[in-house]
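# Architecture and fold: a report
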Amino acid sequence: VTDRRERVQEAVRAAGLDALLLVAPPNLAYLCGFRPSPYERLVALVVPAEGTLRLVVPSLEEEASRTATPDDTELHVWRDDEGPAGALAGALAGAWGQVGIEKAHLSVAYHELAAAARPGADFSDCGPLVAGLRLVKDDEEVAQLRRAGEVIDRVVARLAAEIVPGASESELGDAARRLIREEGGDAPAFPPTVLTGAKSALPHGSPDGTRVAEGDLVIVDIGASVEGYCSDITRTFVAGRGPDGLQSELFEAVREAQAAGVAAAVAGATGADVDRAARSVLEAAGYGELFVHRTGHGLGLEVHEEPSLHGANEDPLPDGAVVTVEPGVYVPGYGGIRIEDDVVVRAGAPEVLTRAPIQLAP
Ligand code: ZN
Ligand code: ZN
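These lines cover the structure that appears in this document, whether it is placed above or below. Source: prediction; values computed, not measured.

### Section: the coordination of the zinc ion (ligand 2)
Of the protein atoms, only Asp232 (OD), His297 (NE2), Glu326 (OE) and Glu340 (OE) coordinate the zinc ion (ligand 2), at distances of 2.1 to 2.2 Å. Around the zinc ion (ligand 2), the 4 donor atoms are arranged such that angles at the metal cover 77 to 152 degrees; this shape is classified as irregular. Read N to C, the donor residues that coordinate the zinc ion (ligand 2) are spaced as D-x64-H-x28-E-x13-E. Distance-wise, the zinc ion (ligand 1) is placed 3.1 Å from the zinc ion (ligand 2), both being coordinated by Asp232. With Asp232 in the loop between strand 11 (229-230) and strand 12 (233-238) and His297 in strand 13 (residues 296-298), this residue pair connects regions lying 65 residues apart in the sequence. Each member of the pair, Asp232 as well as His297, carries the same accessibility label: buried.

Structure (structure tokens):
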């Protein structure tokens, strides 16, 4: 964490800023180790261009934040009966004219409080600056992501045994939640998605009481959060019997596309390169039109973060970026197939973090 603080402070100075005012929980977790659960009371981290971090916390979080943060962190504690204005002003004390804020996360009300505390200061967006630092995962982060991958692999293996005709999507989703905790995850990284039959053709459908029927395609898209770090895996199964000809054909095409995408996720390749590698396999198989979303996304403290693997992303992937590769085909009214793994981008072959077998049989 000390290392990260130095890197962010270097970036703050390079950007011509005097300080950052951060409120997004993943950014706080990244820079000071404290993981507040998001709620209405203000928790904010002030990162001056030099010197120690300053954390604004409500009094009920004082103890938890003191334990989690580096010893030299200045705490600016506020109580419900006084409100956060004074603590925030204290944390923003300094001769600062240029302050970075996360425009996508800081509420207008808190922005106004900050502006009142630093009249005349210029507030500009620092979201991309912090996202850029988080893009490359250090060894500690990769180790956490590896653990999150191992947890979800075990969950997939156990959940597959419950995918039988008659089980409902929401029952299977509940089973996934339970198994994630049993296998060592802190929580699901996102609401588990289990979609069966024609619903598996909806890339963003939600589980309901729909029951699995024999021969259905069943898409399972789940992830575990382990100490803040996320995994995100998708497997597709055929319930109750072996696959038919079309199911096998679609599955082989997606499997080949996914493998091509994983192989293309090397340092220096762009997001567009990875997308093209996967997409061209499906296009050659005649299924290009049925692959209706991007190939993948960054993964870390958030399930969706930088970089995005789509056809217009011409930024090269750095060594140490962690991404998902998840092509799919969706046949409206019939069903869909998606395969998703998490990989660490390296100069050589990528390290695949999720290793559950890729097969149609549950
Ligand atoms: Zn997913
Ligand atoms: Zn994903």
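Now that the structure is up, let's keep going.
### Side note on the sheet that holds strand 11
Taken in spatial order, the 3 strands of this open sheet run 7-10-11, and their pairing is antiparallel. Among the strands making up the open sheet, the edge pair consists of strand 7 (187-188) and strand 11. In this structure, strand 7 lies alongside strand 10 (residues 224-226), joined through 2 bridges in antiparallel fashion. Bridge pairing links Pro188 to Ala224 in strand 10.

### Observations regarding the coordination of the zinc ion (ligand 1)
Bound to the zinc ion (ligand 1) are the protein donor atoms Asp221 (OD), Asp221 (OD), Asp232 (OD) and Glu340 (OE), situated 2.0 to 2.6 Å from the metal. With 4 donor atoms in place around the zinc ion (ligand 1) and angles of 54 to 148 degrees between them, the coordination shape is irregular. For the zinc ion (ligand 1), the single-chain donor residues occur in sequence as D-x10-D-x107-E.

What counts and how
Residues numbered from 1 in each chain as written. Chains lettered and ligands numbered in written order. Predicted model: local features only at pLDDT ≥ 70, side-chain atom pairs only at ≥ 80, totals over all residues. Heavy atoms only, no water. Donors = N, O, S within 2.8 Å, 3.2 Å for Na, K, Ca; no water. Tetrahedral: all angles 85-135°; square planar, octahedral: opposite > 155°, others 65-115°. Helix = DSSP H or I, 4+ residues; strand = E, 2+ residues; numbered from the N terminus. Buried < 20%, exposed > 50% of the residue type's maximum accessible area, 1.4 Å probe, protein only. Pairing = 2+ DSSP bridges.

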